[in-house]
Amino acid sequence: MSTGKINVSVENIFPLIKKFLYSDHEIFLRELISNATDATLKLKHLASIGESKVTYGNPLIEVKVDKEGKKLHIIDQGLGMTADEVEKYINQVAFSGAEEFLNKYEDSAKDAGIIGHFGLGFYSAFMVAEKVEIITKSHKDEPAAHWSCDGSPEFTLVAADKADRGTEIILHIAEDSTEFLEEGRITELLTKYNKFMPVPIKFGMKTETLPKPEDAKEEDPAPTQEVDNIINNPNPAWTKQPTDLETEDYKNFYRELYPMQFEEPLFNIHLNVDYPFNLTGILYFPKLGQDMNAQKDRIQLYQNQVFVTDNVEGIVPDFLTMLRGVIDSPDIPLNVSRSYLQADGAVKKISGYITRKVADKLKSLFNNDREDFEKKWNDIKVVIEYGMLSEEKFFEKADKFALYPTVDDTFFTWEELEAKIKDTQTDKDNKLVVLYASNKDEQHAYIQSAKDKGYEVLLLDSPIVSHLIQKLETSKENVSFVRVDGDHVDNLIKKEEEQISKLSDEEKESLKTVITEAIGDTSYTVQMEAMDSEAAPFIITQPEFMRRMKEMQQSGGGGGMFGMGNMPDMYNLVVNANHELVSEIMNTKTSKKKERLIKQSFDLAKLSQNLLKGEELTDFIKRSYSMIK
Ligand code: ADP
Ligand code: MG
């Protein structure tokens, strides 16, 4: 047996960096601009604490494309490097100067917004360049340095004559990366990653129109001037204090984030914590309506104003991914896999914080202007209902502001609803019976009949409502939800006095057999009930439990039973034993006529439920004409 040391040759590191460091080659620009930003912010910090004698001024970062020379330049006016510092920070791969700076100035610099920390960002330049040069002049009184490297581990470092402070990085773009010499491509990258970075970034010039002088003639063209084309907004709204922002500022920022979005957001939530983790941001509630599949991935994630990703899965609770906006946190470990992310303690806290903030905001909107909250309800309910289903903490909070609208647009909270129906809508076991409809037109007759009896009927029509109802029934005590066509209200809700049946039990039993035979359809179960004589003679209902299970399965998510989706629909045919027509059927002697009466009544009941189709409908119409002629 022998032991030894595996020799990792430094020769091999460049091809590795090139291939594997980042899967996305385009991020090299983000890294270099981050370094330029860091260099600028470090100088600002040193100047502010008196460790640098320079005047900070209004430094810029400039990006220049030299298509002919096949070069890309990134030029900053930051603190620069001495030759020694180049040796130390650049030649030692994976030594982060950013981290060193933060450690050294631990207390004073923690809010300076320094981005780097892995000490690898700079080398991402070699993913797209065959040669990289650094020409840099330190803010300290030392000569400028010129470093150059062609991707092999050999580099050269010589003195340079750069006079002004700062660093210029020159990338000699490789043959396979010439896309990065296209102006359009660079603009695209700058707007994607650097749109809100804290130091102004110049890319080319643009023409600006000036106001016409007082004495200009109508036909004189407005004067113009060439100005720096600054591509970023260094002070985006989320970095400001909520107290410094007006509603209009939030709306403007929304337009800045989503220039192609014409609809205004309903409201926003400003996130701002610095303990136990750092997080700022603004979330917007867009108008969502019924659409559960509203475009996700619209929330952008930043680290110190550098765009990182628009995939916030695992960081933002799932029900909030329908929102829009920005989250900025230096504390989210983004270099790890998503599954690890979800287990990360800091990330869990962040997600919990965001949930709480959203709940608090909704609560205050509800408290401060209930009328307005009710108006917005239909556009925000999918998020709230989804949140109630998936996050227990949110459910507890939302219980105070979640609304239950009636078919007549009265909005109840749960507490109000309970108070309203507790004496009038209970079943035989004293359980609260919440009646609801999912479609005002389709269930019109049932809604009407329930309302005529003085019951409240809710309109619950969002796509996940069957799941929500299931959840409410389990977490609230003694409540059952029944859709208005789920059973006849007379059978559901306990009445002061029982209806007395006009028919005897034997009569009911024999009539039930006759009707079952006459309709000849096994998906209907005939039920004889003594109801109010005003109620319809034949009523079709669809038992709540089965229907809900099927719906839950169709809309996805848990709770559905396997195979339910393929079950045929099951109905009850409720026959009102107290109705005149039913007595008439009873008393009709000829069996042919009896059968015709039953069929006709059954078809009418089906028709009212939109269940009469095809040949059955044709036959029904024929039969009806022959009856009235
Ligand atoms: P990190 O940014 O994580 O520290 P990088 O590989 O991106 O690592 O950069 C390494 C170091 O090189 C930086 O920390 C910094 O000290 C130095 N550096 C890189 N770019 C510049 C620049 N434009 N101006 C001054 N120093 C720079
Ligand atoms: Mg860096």
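If you're wondering where the values come from, they're calculated on a predicted model, not measured in any experiment. (Residues numbered from 1 in each chain as written. Chains lettered and ligands numbered in written order. Predicted model: local features only at pLDDT ≥ 70, side-chain atom pairs only at ≥ 80, totals over all residues. Heavy atoms only, no water.)

A. Fine view of the environment of Tyr-455. Take Tyr-455: it is sitting in the loop between α12 (444-452) and β17 (457-459). Along the sequence, Tyr-455 and Ile-421 sit 34 residues apart, while their C-alpha atoms lie 7.9 Å from each other. Excluding residues that lie within four positions of it along the chain, Tyr-455 makes contacts with Thr-424, Gln-425, Leu-435, Ala-450, Val-489, Ile-493 and Lys-495. (Helix = DSSP H or I, 4+ residues; strand = E, 2+ residues; numbered from the N terminus. Contact = heavy atoms within 4.5 Å.)

B. Region of interest: the packing of helix α17 (residues 580-587) against helix α18 (residues 591-608). For the pair α17 and α18, interaxial distance at closest approach is 9 Å and the crossing angle is 155°. Our classification of the angle between α17 and α18 gives roughly antiparallel. Along this stretch, α17 crosses α18, giving a crossing that reads as left-handed. Residues Leu-581, Glu-584, Ile-585 and Met-586 of α17 form the contact with α18, whose own contacting residues are Lys-594, Leu-597, Ile-598 and Ser-601. Here the residues of the contact of α17 with α18 sort into five nonpolar, one polar and two charged. (Axes fitted to C-alpha atoms, helices over the stretch in contact; angles between N-to-C directions. Parallel < 35°, antiparallel > 145°, perpendicular 65-115°, else oblique. Left-handed = near helix turned anticlockwise from the far one by under 90°. Nonpolar A, V, L, I, M, F, W, Y, C, P; charged D, E, K, R; others polar.)

C. The sheet that holds strand β1 (residues 61-66), seen in detail. The eight strands are arranged β5-β4-β3-β6-β2-β1-β7-β8 in an open sheet whose pairing can be described as mixed. Since the sheet does not close on itself, it has two edges, and those belong to β5 (155-160) and β8 (224-230), each with one partner. Averaged over all neighbouring strand pairs, the angle between strand axes comes to 25°, with direction disregarded. Note that β1 and strand β7 (residues 201-209) share two bridges and pair parallel. Bridged to Glu-62 within β7 is Lys-202. (Pairing = 2+ DSSP bridges.)

D. Representation of the packing of aromatic side chains within the structure. For the coordinates displayed, the defined rule picks out 25 aromatic pairs. Taken together, a centroid distance of 5.9 Å and an interplanar angle of 65° make the contact between Phe-196 and Tyr-302 edge-to-face. One end of the pair, Phe-196, is in the loop between α5 (183-193) and β7; the other, Tyr-302, is in strand β11 (residues 299-303), and 106 residues separate them in sequence. The buried category is assigned to Tyr-302, whose relative accessible area is 2%. (Phe/Tyr/Trp six-rings, centres within 6.5 Å; stacked < 30°, edge-to-face > 60°. Buried < 20%, exposed > 50% of the residue type's maximum accessible area, 1.4 Å probe, protein only.)

E. Structural context of the environment of Tyr-446. Tracing the sequence through the fold places Tyr-446 in helix α12. The spatial distance from the C-alpha of Tyr-446 to the C-alpha of Thr-541 is 9.5 Å, given a sequence separation of 95 residues. With residues near it in sequence (within four places) discarded, Tyr-446 still touches Val-484, Asp-485, Ile-539, Ile-540 and Gln-609.

F. Here's a closer look at the sheet that holds β17. Spatially, β17-β16-β18 is the arrangement adopted by the three strands of the open sheet, whose pairing is parallel. Looking at which strands have only one partner, the edges of the open sheet turn out to be β17 and β18 (479-483). When strand polarity is set aside, the average angle formed by the axes of neighbouring strands in this sheet is 40°. Pairing of strand β16 (residues 432-437) with β17, which is carried by three bridges, proceeds in the parallel orientation. Bridge assignment links Leu-435 to a residue of β17, and that residue is Val-457.

G. Fine view of the nonpolar core. Phe-285, Ile-354, Leu-362 and Phe-394 are the most contacted members of the largest nonpolar core, which totals 61 residues. Counting residues domain by domain, this core receives three or more from each of domain 2 (237-375) and domain 3 (403-492). If sequence neighbours within four positions are ignored, Leu-362 has contacts with Phe-267, Phe-285, Phe-373, Ile-380, Ile-384, Phe-394 and Phe-401. (Core = buried A, V, L, I, M, F, W, Y, C linked by side-chain atoms within 4.5 Å. Domains from an automatic or database assignment.)

H. Representation of the pattern of salt bridges. Across all of its chains, the model carries 35 salt bridges by this definition. A salt bridge links Arg-255 to Glu-248; the nearest nitrogen and oxygen atoms lie 3.4 Å apart. For Arg-255, a relative accessible area of 37% translates into the label partly exposed. Judged by its relative accessible area of 43%, Glu-248 is partly exposed. (Salt bridge = Lys/Arg side-chain N within 4 Å of Asp/Glu carboxyl O.)

I. A look at a nonpolar patch on the surface. Judged by side-chain polarity, Ile-621, Tyr-625, Met-627 and Ile-628 come together as a nonpolar surface patch covering roughly 450 Å² of accessible area. In this structure, Tyr-625 sits in helix α19 (residues 614-628). (Patch = residues over 30% accessible without salt bridge, like charges linked within 9 Å, V, L, I, M, F, W, Y side chains within 5 Å. Areas by Shrake-Rupley, 256 points an atom, 1.4 Å probe, with all protein chains shown as cover.)

J. View of α19. Look at α19: 22 Å from first C-alpha to last across 15 residues, which is about the 21 Å you get at 1.5 Å a residue. Residues of α19 that are buried include every one of Phe-620, Arg-623 and Ser-624, and no others. Looking straight down α19, one finds that the buried residues subtend no more than 100° of arc, so they occupy a single side. Facing away from the buried surface of α19 by more than 90 degrees, the exposed residues are Gly-614, Glu-615, Lys-622 and Tyr-625. Considering only its buried residues, α19 is in contact with α18. (Expected span 1.5 Å × (residues − 1). Arc of directions from axis to C-beta.)

K. Structural detail: the side chain of Lys-376. Secondary-structure assignment places Lys-376 in helix α9 (residues 370-390). The exposure class assigned to Lys-376 is buried, which follows from its relative accessible area of 16%. Of the polar contacts made by the side chain of Lys-376, one reaches the backbone oxygen of Leu-266; its length is 3.5 Å. Lys-376 has contacts with Leu-266 and Phe-267, leaving out every residue within four places of it along the chain. (Polar contact = N/O pair within 3.5 Å; in protein donor to acceptor, adjacent residues only side chain to side chain.)

L. Seen up close, the pairing of strand β12 (residues 306-309). Across three bridges, β11 lies against β12 in antiparallel orientation. Looking across to β12, one finds that Leu-301 is bridged to Thr-309.

M. Just the packing of α9 against helix α13 (residues 465-475), in detail. For the pair α9 and α13, the least separation of the axes is 10 Å and the interaxial angle reads 45°. In this view, α9 runs oblique relative to α13, as classed from their interaxial angle. Crossing of α9 against α13: the hand is left-handed. Within the contact between the two elements, α9 uses Glu-385, Met-388 and Leu-389 and α13 uses His-467, Leu-468 and Lys-471. Its residues placed into classes, the contact of α9 with α13 shows three nonpolar, one polar and two charged.

N. Expanded view of a negative patch on the surface. A contiguous patch of negative charge, built from Asp-84, Glu-87, Asp-141 and Glu-142, is present on the exposed surface. Looking at where Asp-84 falls in the secondary structure, it is placed in helix α3 (residues 83-90). (Lys, Arg positive; Asp, Glu negative; His and termini not counted. Charge placed at Lys NZ, Arg CZ, Asp CG, Glu CD.)

O. Geometry of the side chain of Thr-426. Examined against the element boundaries, Thr-426 turns out to sit in the loop between α11 (414-421) and β16. Sequence-distant contacts of Thr-426, that is, excluding residues within four places in its chain, are made with Lys-431, Leu-432, Val-433, Leu-492, Ile-493 and Lys-494.

P. A look at α13. Listed in full, the buried residues belonging to α13 are Val-465, Ser-466, His-467, Leu-468, Ile-469, Lys-471 and Leu-472. Residues of α13 that are buried in the fold lie against α9, α10 (392-398), β14 (404-405), β16, β18 and α16 (544-554).

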